[in-house]
Amino acid sequence: MNKHLPAPAARLPFPYRPEAEVVAAALAALQGRLDWPAVVDAARPWVLGARAHPAPFWAMESLLREYPISSAEGLALMRLAEALLRVPDAETAIALTADQLGRAEFDANQADGPWRMLSQLSASAISLSKKFLPDAEQPAGLLQRLGARTVVAATVRAIQLLGRQFVYARTITEAIAEGQGQRRQQPGLRFSFDMLGEGARTEAAAVEYLGAYEQAIEAIATGRAGGNAGPAGRDEISVKLSALFPRYEEAQRERVFAELLPRVWGLVQRAARADINIAIDAEECDRLELSLDLLDALAERVAAEFPHWGGLGLAVQTYQTRGLEVVDAVAAMARRHGITFVLRLVKGAYWDGEIKRAQEGGLPGYPVFTHKHHTDINYLACAARLIDHHQLIYPQFATHNAGTIAAIVQMARQQGAAFELQRLHGMGEGIHNEVLKDRSIACRVYAPVGEHRDLLAYLVRRLLENGANSSFVHQLADAAVSPEDLLASPLVPATAPALALPAALFGAARANSTGVDLACAAMRQPLLDALQRVQVEPVPLATAEDVAAAMARLHVGFDAWNARPLAERAATLRRAADLLDARLPQYCALLVKEAHKTLGDCVAEVREAVDFCRYYADQAEERLKDQPLPGPTGESNLLRLHGRGVFVCISPWNFPLAIFAGQVVAALVAGNTVAAKPAEQTPAVAQRFVALLHEAGVPADALALLHGPGETIGAALVAHPATAGVCFTGSTPVARLINRTLAAKDGPIVPLIAETGGLNAMIVDSTALPEQVVDAVVQSAFRSAGQRCSALRLLCVHESVADGVIQMLCGALAELNVGDPADLATDVGPVIDDEAFHGISSHVQRLRGQARLLGETPLKSGMPGMARLVAPVAFEIVRIAELQTEIFGPVLHVVRWGGDVNDVVRQINALGYGLTLGVQTRIDSRAQRIADTARVGNVYVNRNIIGAVVGVQPFGGEGLSGTGPKAGGPHYLYRFCAEQTVTVNTTAAGGNAELLAGLAP
Ligand SMILES: Cc1cc2nc3c(=O)[nH]c(=O)nc-3n(C[C@H](O)[C@H](O)[C@H](O)COP(=O)(O)OP(=O)(O)OC[C@H]3O[C@@H](n4cnc5c(N)ncnc54)[C@H](O)[C@@H]3O)c2cc1C
């Protein structure tokens, strides 16, 4: 273990506690602290005053009032703002503008509010502009193009103006000059300067950000008013740790302390020497504990070198359920090290992202509140706690909400605590101007500094914040919301969460599988414990006699299993799901040991298997039940589905649990008995799952495991006369072999469900966000060491942005960790076996001679016992057609494209495979058209192309990629069934009594 690395401190409670419990604790902390009617009395004049001076017409509040982001128009404007400035060529800019403006109705008659006339004019102007824009994907005539260029130029200007509203200045020197000017009007004003930019993906970007922060600190120090003003009087620099280190993640704790900590400490030293504050911004919840551990390490050094400075700070988000405990933890640190902190209390800027992460991860709850007013309650509780700790922490209250501000002022004055308010530049100025009429209240403005390209992500966060119906600034601008409603007491807890918990994502019928937040120590510990204990049990090799005996047993067992009521078979699957869900750690550990998968991949795999069991149980009950059919009177018609007989399920090693389980339980629930042949490399996982199915109630004569080589055992199973169906996932050549064997058999024609490989591509145009592209590419091409049939093999980047994307990609490649899959820090583990290793290595060797090497992950030396590690690598090729075979490993081909994107799709189609395709574009109609033309099973837009979720992204392709139907989709089970209709002449015994009875008066 690294010498810099302190043991993670367990300072915070579980992040996913029930919301009601956390809110009750927050309310208890506020007991007797607040007089809300007095808060309203104080805040009402601020609201009225701010409304009497509405934001100017060009301000974002005014725009979003007209077009809230919940409307098509608001969404179109947000998407334009996010993408347009980075588009390098006019044609694409026109296409993007046409696409976004084209899908919204800017209706001049609907415009109202204080700037009605101007709003009507601008709505008319936008409507008129649309006439000059071609259809997004259609070539435009010259005249139309000339008009379109003007529209786009005007839109770019408008977005730059919007950006300017939120970005204080383009350079730190400009910002300081601007600040000095503003301070002449408002002498008490302080600033927290932030050098814009989002998380670095590469070391080069991180070093650049570090340089920008260092330079900014120097500049702030030089432009400082002078004298030691203490934390309250000094200017401040805000830093984002994710900008300073590309792997600022819990899983990379060792590197974070070895590499990021010295960088931040360097900045802290500079700030302390320059006598300014430094504040660490708050980012995503899964980095919270890591950020506190870093703060602790910094505090220890500050105590040694700058004990009287008091300028070290961080932001704390109160939408997090752990806000109160964070405040206490910082106070405890202050006591322990004998220093004081500054602490900025914010509500939080990543709420939607946190909700999505919890849902996707199947986490036990949300780390943030789901009711807006719970965030407000927690803010006030944290504020009260901060005020209590004011001797240790200088409190900075960052909010634009008049009610929140009035409550803070009330509580702080009761205690005689010094504090300051903070607002973001470009937001909440109206309210703050009113509040600051009281000269005793101090204020600091958060002043982002940066160029246009860097401001886009920040701009979108501000758009979301200003445009969300729940936000105070949005409601303030809406005269229809009365001051009483605006200032209503939040102190009334809701009893139930506003959103269904992640477990209930799929509604009442099907529980979501339980996931693990690996950043949470309490949740990952059972996995680590299981890793210590797990044994890969030997699995006996089946003989030809075993095959014969098993097939005979399964053939006999079929009638009884098929005759079981559907509900009983479905219930068996549900029991299996629950058992597996509860044993996730043990299965993960086994997957790590037997299949060499990383822990994150193992969690996803076990969850997928659980989802398969539950989904197919539901689907069976819904789709396989008897279905009455319409017909003439005097006759009943019934469509019934039942099992076909013995199904042979042959699965691969890359998903030894999920694919194995999916095939087997689908066949079983449809009424078949199953001969399951796992991959030679991974029989132990399969054996354990088969045992679990038996434990759940699948009879011994309904399911048999037959482990052995495909050439002998697999071939014997396929060729067996009792085989009534084959379900296979693996390579295209083996699928062909199986198909031929089946075709050569006498007797009934046996159906084959084959899911095979893919030459999967991702098309990136010049509107895409490079950071998002690189994240998606790294996950899709290299996770699981590229050993997924959905993995990305071919990246097609538009020539105008290719250099930048490739450079970032290579930087990101260099940051990956290749190594032991049992180590949490590992991104890419070994490939499955020696044969795979030699195969991939020789392909890579060949590519080194034939293609241009772009970048590869350096392999760490000195990894004893770690064989078969293949370094993730990217090569540039000239033509798509050069790609002919699937290399089942972490090898990416990159090609540049220009001209018509439809040609690219045609070339990808011509490869003959059709599994997954990624599209990265902000032109929605382009994404749609690509999806329409592409002959692939799964199209993913603006995300990675792996990790299909059962029942959400049914998985499977066409062409060389498989026969379908898609696994985890609504059509899958039918293929395992035989059909029967039963027609009964209900009048056979005489007349049509029913008809006669119905016709009687
Ligand atoms: C000086 C300054 C620095 C900042 N630094 C950071 C930072 O480091 N990190 C960071 O994350 N943010 C930061 N912010 C952004 C800040 O989080 C937002 O500006 C703030 O949330 C707006 O709060 P408000 O009181 O002005 O608005 P309000 O409208 O009263 O509150 C908005 C808050 O409610 C939350 N919310 C909305 N709907 C719900 C719901 N259904 N359930 C629960 N909560 C909901 C929003 O996510 C948001 O946090 C900073 C803001 C300022 C002013």
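Scroll up to find the structure this text is about.
### Thoughts on the overall build of the protein
Phase 1 of the analysis: Broken down by element type, the protein carries 36 helices and 23 strands.
Phase 2 of the analysis: The C-alpha radius of gyration computed for the protein amounts to 32 Å, which stays within 12% of the reference 30 Å derived for 1001 residues, consistent with globular compactness.
Phase 3 of the analysis: The principal-axis extent of the C-alpha atoms belonging to the protein is close to 95 × 85 × 65 Å.
Phase 4 of the analysis: Going through the 1001 residues of the protein one by one, you find that 58% of them count as buried.
Phase 5 of the analysis: Long-range contacts, defined as pairs at least 24 residues apart, comprise 79% of the intrachain contacts of the protein with a sequence gap of at least 6.
Phase 6 of the analysis: Here the protein displays about 39,000 Å² of accessible surface, and carbon together with sulfur accounts for 55% of that area.
Phase 7 of the analysis: Seen as two clouds, the 90 positive and the 105 negative side-chain charges of the protein have centres 2 Å apart.

### A short note on the pattern of salt bridges
Phase 1 of the analysis: Here the structure, examined in full by the defined rule, presents 62 salt bridges.
Phase 2 of the analysis: Arg270 is the salt-bridge partner of Glu214, the closest N and O atoms lying 3.9 Å from each other. Of the two residues, Glu214 sits in helix α9 (residues 203–222) while Arg270 sits in helix α12 (residues 253–274), which places them 56 residues apart along the sequence.
Phase 3 of the analysis: Put simply, Arg906 and Asp903 hold a salt bridge, and the shortest N to O gap is 2.6 Å. Within this pair, Arg906 and its partner Asp903 are both found in helix α34 (residues 901–910), separated by three residues, close to a single helical turn.
Phase 4 of the analysis: Residue classification places Asp903 among the partly exposed positions, given a relative accessible area of 35%.

### Re the site of the ligand
Phase 1 of the analysis: The environment of the ligand is formed by 31 residues, the closest being Gly348, Thr375, Thr399, Glu465 and Phe472.
Phase 2 of the analysis: One of the side-chain N or O atoms of Gln317 is found 2.9 Å from an oxygen atom in the ligand.
Phase 3 of the analysis: At 2.9 Å from an oxygen atom of the ligand is found a side-chain nitrogen or oxygen belonging to Lys372.
Phase 4 of the analysis: Counting residues per element, the ones that place at least two in the shell around the ligand are β4 (312–317), β5 (341–346), α16 (372–388), β7 (420–424) and α19 (452–467).
Phase 5 of the analysis: Here the residues of the shell around the ligand sort into twelve nonpolar, eleven polar and eight charged.

### Structural notes on the environment of Pro748
Phase 1 of the analysis: When you line up the elements, Pro748 lands in the loop between α30 (732–744) and β15 (752–755).
Phase 2 of the analysis: Separated by 26 residues in the primary sequence, Pro748 and Ala722 place their C-alpha atoms 9.9 Å from one another.

### What about the packing of helix α25 (residues 584–595) against helix α28 (residues 683–696)?
Helix-helix packing: each pair is described by the crossing angle between the helix axes and the interaxial distance.
Phase 1 of the analysis: Running from amino to carboxyl end, α25 crosses α28 at an angle of 155 degrees, the nearest separation of the two axes being 9 Å. Overall, the two elements α25 and α28 adopt an arrangement that is roughly antiparallel. Here Gln586, Tyr587, Leu590, Leu591 and Glu594 of α25 lie close against α28, whose contacting residues are Pro683, Ala684, Val685, Arg688, Phe689 and Leu692.
Phase 2 of the analysis: Class assignment for the residues of the contact of α25 with α28 results in eight nonpolar, one polar and two charged.

### Side note on the layout of surface pockets
Phase 1 of the analysis: The volume enclosed by the second largest pocket comes to roughly 1,400 Å³.
Phase 2 of the analysis: Taken together, 44 residues form the lining of the second largest pocket, with Trp653, Phe728, Gly730, Ser731 and Val734 sitting closest to its centre.
Phase 3 of the analysis: At the level of secondary structure, the elements contributing two or more residues to the lining of the second largest pocket comprise α29 (710–719), β14 (723–729), α30 and α33 (834–850).
Phase 4 of the analysis: Broken down by element, the residue count for the lining of the second largest pocket peaks at seven residues, all from α30.

### Considering the sheet that holds β15
Phase 1 of the analysis: Judged by pairing direction, the sheet is parallel, and its five strands sit side by side in the order β13-β12-β11-β14-β15 without closing on themselves. Sheet topology places β13 (703–705) and β15 at the edges, where each strand pairs with a single neighbour. Across the sheet, the axes of successive neighbouring strands diverge by a mean angle of 15 degrees, strand direction being ignored.
Phase 2 of the analysis: Contacts from helix α23 (residues 544–563) reach β11 (646–650), β12 (673–677), β13 and β14, with the element oriented near 145 degrees to β12.

### Regarding the environment of Asn562
Phase 1 of the analysis: Tracing the backbone shows Asn562 in helix α23.
Phase 2 of the analysis: Along the chain, Asn562 and Leu292 lie 270 residues apart, while their C-alpha atoms are 58 Å from each other.
Phase 3 of the analysis: Once residues lying within four places of it in the same chain are set aside, the contact partners of Asn562 are Arg569, His642, Gly643, Ala670 and Gly671.

### Quick notes on the nonpolar core
Phase 1 of the analysis: The biggest cluster of nonpolar side chains holds 116 residues, and the ones touching the most others in it are Phe193, Leu312, Phe341, Phe397 and Ile431.
Phase 2 of the analysis: In terms of residue count, the dominant contributor to this core is α12 (eleven residues).
Phase 3 of the analysis: Leu312 has contacts with Val268, Ile278, Leu295, Leu298, Ala299, Val302, Phe341 and Val342, leaving out every residue within four places of it along the chain.

### Quick notes on the pairing of β15
Phase 1 of the analysis: Neither face of β15 is open: one carries Leu752 and Ala754, the other Ile753 and Glu755, and all of them are buried.
Phase 2 of the analysis: The sheet contact formed by β14 and β15 spans four bridges and is parallel. Bridge pairing in β15 places Val726 opposite Leu752.
Phase 3 of the analysis: Tracing the backbone out of β14, into α30 and back to the parallel element β15 gives a crossover that is right-handed.

### Let's talk about the side chain of His400
Phase 1 of the analysis: One can find His400 in the loop between β6 (393–398) and α17 (402–415).
Phase 2 of the analysis: Note on His400: relative accessible area 12%, which makes it buried.
Phase 3 of the analysis: One polar contact links the side chain of His400 to the main-chain amide nitrogen of Leu424, over a distance of 3.1 Å.
Phase 4 of the analysis: In this structure His400 touches Ile405, Arg423, Leu424, Met427, Gly428, Ile431, His432, Glu465, Phe472 and Val473, once residues within four positions along its chain are discounted.

### Looking at empty space enclosed by the protein
Phase 1 of the analysis: A full pass over the atoms with the stated rule returns seven cavities of 30 Å³ or more.
Phase 2 of the analysis: Its boundaries defined by the atoms lining it, the largest cavity holds a volume of some 120 Å³.
Phase 3 of the analysis: Along the lines of polarity and charge, the residues of the lining of the largest cavity split into five nonpolar, six polar and three charged.

### Observations concerning the packing of aromatic side chains
Phase 1 of the analysis: In this structure the tally under the stated criterion is 14 aromatic pairs.
Phase 2 of the analysis: Arranged with centres 5.6 Å apart and planes meeting at 20 degrees, the rings of Phe191 and Phe193 form a pair that is stacked.
Phase 3 of the analysis: Since its relative accessible area comes to 0%, Phe191 is described here as buried.
Phase 4 of the analysis: Taken together, a centroid distance of 5.5 Å and an interplanar angle of 15 degrees make the contact between Phe612 and Tyr616 stacked. A residue pair is termed a helical-turn pair when its members lie 3 or 4 positions apart in one helix, as Phe612 and Tyr616 do in helix α26 (residues 599–623) at four residues.

### Comments concerning the packing of helix α1 (residues 19–30) against α16
Phase 1 of the analysis: For the pair α1 and α16, the least separation of the axes is 8 Å and the interaxial angle reads 40 degrees. Looking at the two axes, α1 sits oblique to α16. Read as a crossing pair, α1 and α16 show a hand that is left-handed. Residues Glu19, Val23, Ala26, Leu27, Ala29 and Leu30 of α1 lie in contact with α16, whose contacting residues are His374, Ile377, Asn378, Leu380, Ala381, Ala384 and Arg385.
Phase 2 of the analysis: Grouping the constituent residues of the contact of α1 with α16 by class yields nine nonpolar, two polar and two charged.

### What to know about the side chain of Asn277
Phase 1 of the analysis: Take Asn277: it is sitting in strand β3 (residues 277–280).
Phase 2 of the analysis: Relative accessible area serves as the criterion here: at 0%, Asn277 is assigned to the buried category.
Phase 3 of the analysis: A distance of 2.7 Å separates the side chain of Asn277 from the side chain of Arg234, its partner in a polar contact.
Phase 4 of the analysis: Not counting residues within four places of it along the chain, the set of residues in contact with Asn277 comprises Pro231, Arg234, Asp235, Glu236, Ile237, Trp309, Gly311, Val342 and Arg444.

### So, the sheet that holds β5
Where strands meet in a sheet, backbone hydrogen bonds hold them as pairs that are either parallel or antiparallel.
Phase 1 of the analysis: Strands sit in the order β1-β2-β3-β4-β5-β6-β7-β8 around a closed barrel of eight strands; the barrel is parallel. Between one strand axis and the next, the sheet turns by 25 degrees as a mean value, whatever way the strands run.
Phase 2 of the analysis: Across three bridges, β6 lies against β7 in parallel orientation. The residue of β7 that forms the bridge with Phe397 is Leu421.
Phase 3 of the analysis: Sitting on the sheet, helix α8 (residues 172–185) touches β1 (190–195), β7 and β8 (442–449), and the angle it makes with β1 is about 165 degrees.

### Re the environment of Ile393
Phase 1 of the analysis: By the secondary structure assignment, Ile393 is in strand β6.
Phase 2 of the analysis: Judged by relative accessible area, Ile393 falls into the buried class, the value being 0%.
Phase 3 of the analysis: Not counting chain neighbours up to four residues away, the residues in contact with Ile393 comprise Val327, Val330, Ala331, Phe341, Val342, Leu343 and Leu386.

### Here's the deal with the state of the cysteines
When the sulfur atoms of two cysteines share a covalent bond, that bond is a disulfide.
Phase 1 of the analysis: This structure, assessed with the given rule, holds zero disulfides.
Phase 2 of the analysis: Free cysteine Cys520: the closest other cysteine sulfur is in Cys285, separated by 12 Å.

The rules behind these values
- Residues numbered from 1 in each chain as written.
- Predicted model: local features only at pLDDT ≥ 70, side-chain atom pairs only at ≥ 80, totals over all residues.
- Heavy atoms only, no water.
- Helix = DSSP H or I, 4+ residues; strand = E, 2+ residues; numbered from the N terminus.
- Rg over C-alpha atoms; globule rule 2.2 N^0.38 Å.
- Buried < 20%, exposed > 50% of the residue type's maximum accessible area, 1.4 Å probe, protein only.
- Contact = heavy atoms within 4.5 Å.
- Areas by Shrake-Rupley, 256 points an atom, 1.4 Å probe, with all protein chains shown as cover.
- Lys, Arg positive; Asp, Glu negative; His and termini not counted.
- Charge placed at Lys NZ, Arg CZ, Asp CG, Glu CD.
- Salt bridge = Lys/Arg side-chain N within 4 Å of Asp/Glu carboxyl O.
- Near = heavy atom within 4 Å.
- Polar contact = N/O pair within 3.5 Å; in protein donor to acceptor, adjacent residues only side chain to side chain.
- Nonpolar A, V, L, I, M, F, W, Y, C, P; charged D, E, K, R; others polar.
- Axes fitted to C-alpha atoms, helices over the stretch in contact; angles between N-to-C directions.
- Parallel < 35°, antiparallel > 145°, perpendicular 65-115°, else oblique.
- 1 Å grid on protein atoms, 1.4 Å probe; cavity = no way out; pocket = protein on both sides within 12 Å on 5 of 7 lines; lining within 4 Å.
- Points joined across faces, edges and corners; volume = space filled by probe spheres on them.
- Pairing = 2+ DSSP bridges.
- Core = buried A, V, L, I, M, F, W, Y, C linked by side-chain atoms within 4.5 Å.
- Right-handed = clockwise from strand over helix to strand, strands pointing away.
- Phe/Tyr/Trp six-rings, centres within 6.5 Å; stacked < 30°, edge-to-face > 60°.
- Left-handed = near helix turned anticlockwise from the far one by under 90°.
- Disulfide = S-S within 2.5 Å.

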